Amino acid sequence: MNFPLIMLILLVITGGISLLDRFALKRHRAPEAQGPWWVEYPKSFFPVILIVFFLRSFLVEPFKIPSGSMIPTLLVGDFILVNKYTYGIRLPVANVKIMPINEPKRGDVMVFRYPENPSMDYIKRIIGVPGDTVTYHDKQLSINNIPVKMESNGEYTYIESGLNYVYSRRFLESLGEQNYSILINPEVPDMHIAGVRPFPHRENCSYNDSGFTCKVPEGNYFTMGDNRDSSSDSRYWGFVPEQNIVGKAFMIWWNFGDLSRIGLSIK
């Protein structure tokens, strides 16, 4: 469901009826008389829709985490807030940048439109920015031939869909200005080569059973999930174009299953 488009349509309809009543319909009834329901209802909803549309389009937008690809940073069921202006002001619906502000940085947690289906929103961590060479071999990440610092931080257990317990090793990874936790499952292969699909700039990447190397083209970003062995990300479906960016995730505002997560910042 394209919620921004629905909001825009409602805004145009309610705003149009409000203007029509003010400059035309109102002249044909008594000064204190109310208009028909199809005029009064849209007039009442117009200010609310306008405020919601402005907030969601230019300031913050809420999202819900549907999968475990960002565990342990984000859990299934987390409701998060996304800053819509960190990476520049964009036109609603069209998502065209009209005012640049900041560029996405390595380590940021970013929401974007899934390149294979732009009607879907994805959330991943930015690993490579334009011009970077991203290498991932034997579950060690390197940027421009420099290994990313990893420190072992014990084990991590979680329940997947159904009642399947997953045992992973937890590491603290440092990338750019961000320090965050990732999960690695030693029992899962480094790469599922069969899962790599054709994608734009596929020639920038080389794969083997132990990993890959990708050169990030201009105007694109390389993303990965923090749950490294349980994430569909740029390794398999390619780069994220700049025009697909939605915003930067910055806070968890609700989780029905764990109220202690409310208010946690996203790093």
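Owing to the predicted nature of the structure, the values given are computational and were not obtained by experimental measurement.

Participant: I keep staring at the sheet that holds strand 11 (residues 165-175) and nothing clicks. Help me out?
Facilitator: Strand pairing in a sheet takes place through backbone hydrogen bonds and is either antiparallel or parallel in direction. If you walk across this open sheet you meet the 3 strands as 10-11-12, and the pairing is antiparallel. The sheet terminates laterally at strand 10 (149-159) and strand 12 (178-184), the two strands that pair on one side only. Within the sheet, the average angular offset between the axes of one strand and its neighbour, ignoring direction, is 30°. The pairing of strand 11 with strand 12 spans 7 bridges and is classified as antiparallel. Note on strand 12: the bridge partner recorded for L172 is S181.

Participant: Please explain the nonpolar core as it appears in this structure.
Facilitator: In a soluble, globular protein the nonpolar side chains are often hidden away together inside. I127, V134, L141, Y207, F212 and F222 are the most contacted members of the largest nonpolar core, which has 23 residues in total. Residue assignment for this core shows that the elements contributing at least two residues are strand 7 (133-137), strand 8 (140-143), strand 11, strand 12, strand 13 (205-208), strand 14 (211-215) and strand 15 (220-224). With 3 residues, the top contributor of residues to this core is strand 12. Excluding anything up to four places from it in sequence, L141 contacts I127, V134, T135, Y136, I146, P147, V148, E173, M224 and R228. Among the nonpolar cores identified, the runner-up in size contains 13 residues, and F63, I65, M70 and I266 belong to it.

Participant: Mind showing me how you'd approach the pattern of salt bridges here?
Facilitator: In a structure, side chains of opposite charge can pair up when their charged atoms sit close to one another. Inspection of every chain in the model, using the stated rule, returns 17 salt bridges. Here E40 and K43 are joined by a salt bridge, their closest N and O atoms 3.8 Å apart. In this pair, E40 and K43 both sit in helix 2 (residues 37-59), 3 residues apart, roughly one turn of the helix. According to the relative accessible area criterion, E40 is buried, its value standing at 18%. For K43, a relative accessible area of 30% translates into the label partly exposed. Through salt bridges that share partners, D21, R29, E40 and K43 make up one connected network.

Participant: Sorry if this is basic, but what is going on with the sheet that holds strand 13 here?
Facilitator: Across the sheet, 5 strands lie side by side as 9-8-7-14-13; this open sheet has antiparallel pairing. This sheet does not close on itself; its edge strands, each paired only once, are strand 9 (146-147) and strand 13. The sheet contact formed by strand 7 and strand 14 spans 5 bridges and is antiparallel. Looking at strand 14, one finds that H137 is bridged to G211.

Participant: So what exactly am I meant to see when it comes to the layout of surface pockets here?
Facilitator: If a probe as big as a water molecule is rolled over the atoms, it shows which places are left empty. Of the volumes computed, that of the largest pocket is approximately 630 Å³. Lining the largest pocket are 25 residues, and of these N2, F3, P4, E61 and D121 lie nearest its centre. Secondary-structure elements contributing two or more residues to the lining of the largest pocket are helix 1 (3-23), helix 2 and strand 1 (60-64). Considered class by class, the residues forming the lining of the largest pocket number 14 nonpolar, 4 polar and 7 charged.

Participant: Hey, could you run me through unusual backbone geometry in this one?
Facilitator: Most peptide bonds are trans, and most residues other than glycine sit at a negative phi. Here the residue pair I71 and P72 is connected by a cis peptide bond, since its omega of 10° sits within 30 degrees of zero. For P72, the position within the fold is in the loop between strand 1 and strand 2 (79-83). In this structure, N95 is a non-glycine residue whose phi angle is positive, near 60°. The residue N95 is located in the loop between strand 3 (89-90) and strand 4 (97-99) in this model.

Calculation notes
- Counting starts from 1 at the beginning of each chain's written sequence and moves along it residue by residue.
- Where totals are concerned, whole chains, interfaces and linings use all residues; where local detail is concerned, this predicted model gives features only for residues with pLDDT of at least 70, and gives and counts side-chain atom pairs only at 80 or more.
- Hydrogens and water molecules were not included; the side-chain quantities draw on all heavy atoms of the structure.
- One bridge is not enough; two strands pair if DSSP finds at least two bridges between them.
- Put simply, DSSP marks the helices as runs of H or I at least four residues long and the strands as runs of E at least two long, and each gets a number from the N terminus on.
- Each axis is a line fitted through C-alpha atoms, taken for helices only over the stretch in contact, and angles between the N-to-C directions span 0 to 180 degrees.
- Remark: nonpolar core denotes a set of buried residues (Ala, Val, Leu, Ile, Met, Phe, Trp, Tyr, Cys) joined through side-chain atoms within 4.5 Å.
- Buried, partly exposed and exposed residues are distinguished by accessible area as a fraction of the type maximum, computed with a 1.4 Å probe on protein chains only: under 20%, between the cut-offs, and over 50%, respectively.
- Whether two residues are in contact is decided by their heavy atoms: any pair within 4.5 Å suffices.
- Salt bridges are defined by distance alone: a side-chain nitrogen of Lys or Arg within 4 Å of a carboxyl oxygen of Asp or Glu.
- Lining residues are those with an atom within 4 Å of a point, where the points come from a 1 Å grid over the protein atoms alone and group into cavities, where a 1.4 Å probe fits but cannot get out, or pockets, open sets with protein on both sides within 12 Å along at least five of seven lines.
- Grid points are joined across faces, edges and corners, and a volume is the space filled by probe spheres set on the points.
- Here the term charged refers only to Asp, Glu, Lys and Arg, the term nonpolar to Ala, Val, Leu, Ile, Met, Phe, Trp, Tyr, Cys and Pro, and the term polar to all other amino acids, Gly among them.

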